[in-house]
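Observations on the three-dimensional arrangement
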Amino acid sequence: MKSRLLHSAGDLIGERYKIARYVGEGGMQEVYLARDLHLHRDVAIKTPKNTSADKRFGRSAVVSARVNHPNVAKTLDYIKDGDAQYLVEEFIDGLDIKKGLLEPFFALDPSLVAKILHHLAKGLDASHRADVIHRDLKPSNVMFVGGPEVHELKITDFGIAKNLTNPIPPEMQLDVVAGMPDYISPEQIRAEFLRPQTDIYCL
């Protein structure tokens, strides 16, 4: 665990969400388990680790909220408290595919792989129907529960997602290639116009 975290157990966010514990971090954000004191349920709280991630954070919350599907982590709330920003998502009490399947097992059963790809395809289809391209589909951004049998699967982290109906303003665009090199499509590498096929390539 990191030696210095942005929050600790007991911190109250937006006078509603009480931090329970640190869960982990992604490339741009820290993730916490919190309790929704209004609706009495557990939620995931995500907040940027540094100012370089701040510009995209609020926009990513709006983009991810467009997608509603059982195979996509649901966006529940967005809070801005002074300079701090928080994205509230449903809490998935499981592991990502990288840590839970690819690292511990030498090989996966073909039927399990087909099951995973089937649910990922359904989640991506719902995203594309909402005119949202994920752009960063990779094993660490797919959560599952139920152990190796995979009872439930959800796509997470729309931090660099693109809304086709409301493109990123020029002043927020970065002159960098976004995405994991092992999975990004050729058009992402060339910084060309992206379409839903980009996510299909990643899949």
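So, a few notes on the structure that sits alongside this text. (Residues numbered from 1 in each chain as written. Predicted model: local features only at pLDDT ≥ 70, side-chain atom pairs only at ≥ 80, totals over all residues. Heavy atoms only, no water.)

Bringing the overall build of the protein chain into the picture now. Counting its secondary structure elements, the protein chain contains 5 helices and 11 strands. Taken over 203 residues, the protein chain has a buried fraction of 43%. In the protein chain, the share of contacts with a sequence separation of at least 24, taken over all contacts with a separation of at least 6, comes to 56%. (Helix = DSSP H or I, 4+ residues; strand = E, 2+ residues; numbered from the N terminus. Buried < 20%, exposed > 50% of the residue type's maximum accessible area, 1.4 Å probe, protein only. Contact = heavy atoms within 4.5 Å.)

This brings us to empty space enclosed by the protein. This structure, assessed with the given rule, holds 2 cavities of 30 Å³ or more. For the largest cavity, the calculated volume is near 50 Å³. Considering the residues around the largest cavity, the lining is formed by Gln29, Lys46, Phe57, Ser60, Ser64, Leu87, Glu89, Asp157, Phe158 and Gly159. Element by element, the count of residues in the lining of the largest cavity is highest for helix 1 (residues 51-64), at 3 residues. Of the residues assigned to the lining of the largest cavity, the class counts are 3 nonpolar, 4 polar and 3 charged. (1 Å grid on protein atoms, 1.4 Å probe; cavity = no way out; pocket = protein on both sides within 12 Å on 5 of 7 lines; lining within 4 Å. Points joined across faces, edges and corners; volume = space filled by probe spheres on them. Nonpolar A, V, L, I, M, F, W, Y, C, P; charged D, E, K, R; others polar.)

The next point concerns the pairing of strand 2 (residues 17-25). Relative to strand 2, strand 1 (residues 12-13) runs antiparallel, the two being bridged by 2 bridges. Across the sheet, leucine 12 pairs through a bridge with lysine 18, a residue of strand 2. Counted along the chain from strand 1 to the antiparallel partner strand 2, the turn is 3 residues long, and its residue glycine 14 has a positive phi close to 60 degrees. Examined bridge by bridge, strand 2 and strand 3 (residues 29-36) share 7 bridges and lie antiparallel to one another. Looking across to strand 3, one finds that tyrosine 22 is bridged to tyrosine 32. (Pairing = 2+ DSSP bridges.)

This paragraph deals with the nonpolar core. If you look at the biggest cluster of nonpolar residues, it comprises 21 residues, and the most contacted ones within it are Val67, Ile97, Ile116, Val132, Val150, Leu153 and Phe158. When residues of this core are traced back to their parent elements, those giving at least two are helix 2 (97-102), helix 3 (110-129), strand 9 (142-145) and strand 10 (152-155). When residues in this core are grouped by element, the largest group, 5 residues, is from helix 3. Setting aside residues no more than four positions away along its own chain, valine 67 makes contact with Val72, Ala126, Ser127, Ala130, Val132 and Phe158. In this structure, Tyr17, Tyr32, Ala34 and Ile45 belong to the second largest nonpolar core, which totals 11 residues. (Core = buried A, V, L, I, M, F, W, Y, C linked by side-chain atoms within 4.5 Å.)

The terminal C-alpha atoms of helix 3 lie 28 Å apart, and with 20 residues this matches the ideal 28 Å at 1.5 Å per residue to within 8%. Every buried residue of helix 3 is accounted for by Leu112, Ile116, Leu120, Gly123, Leu124, Ala126, Ser127 and His128. Tucked inside the fold, the buried residues of helix 3 contact helix 2, strand 8 (132-133), strand 9, strand 10 and helix 5 (197-202). Two residues or fewer after helix 3 comes aspartate 131, characterised by a positive phi angle close to 65 degrees. (Expected span 1.5 Å × (residues − 1).)

Structurally, the position occupied by proline 104 is in the loop between helix 2 and helix 3. Residue class for proline 104 comes out partly exposed when judged on its relative accessible area of 48%. Residues in contact with proline 104, not counting those within four places in the same chain, are Lys98 and Lys99.

Moving on: the pattern of salt bridges. Using the criterion set out here, one finds 9 salt bridges in the structure. The shortest N-O distance in the salt bridge between arginine 35 and aspartate 42 comes to 3.1 Å. Judged by its relative accessible area of 33%, arginine 35 falls in the partly exposed class. Salt bridges sharing common partners tie together Arg16, Asp36 and Arg41. (Salt bridge = Lys/Arg side-chain N within 4 Å of Asp/Glu carboxyl O.)

Moving on: the pairing of strand 9. Neither face of strand 9 is open: one carries Val142 and Phe144, the other Met143 and Val145, and all of them are buried. The pairing of strand 7 (residues 95-96) with strand 9 spans 2 bridges and is classified as antiparallel. Following the sheet pairing, leucine 95 is matched in strand 9 by phenylalanine 144. Looking at chain direction, strand 9 and strand 10 are connected through 4 bridges and run antiparallel. Bridge pairing in strand 10 places valine 142 opposite isoleucine 155.

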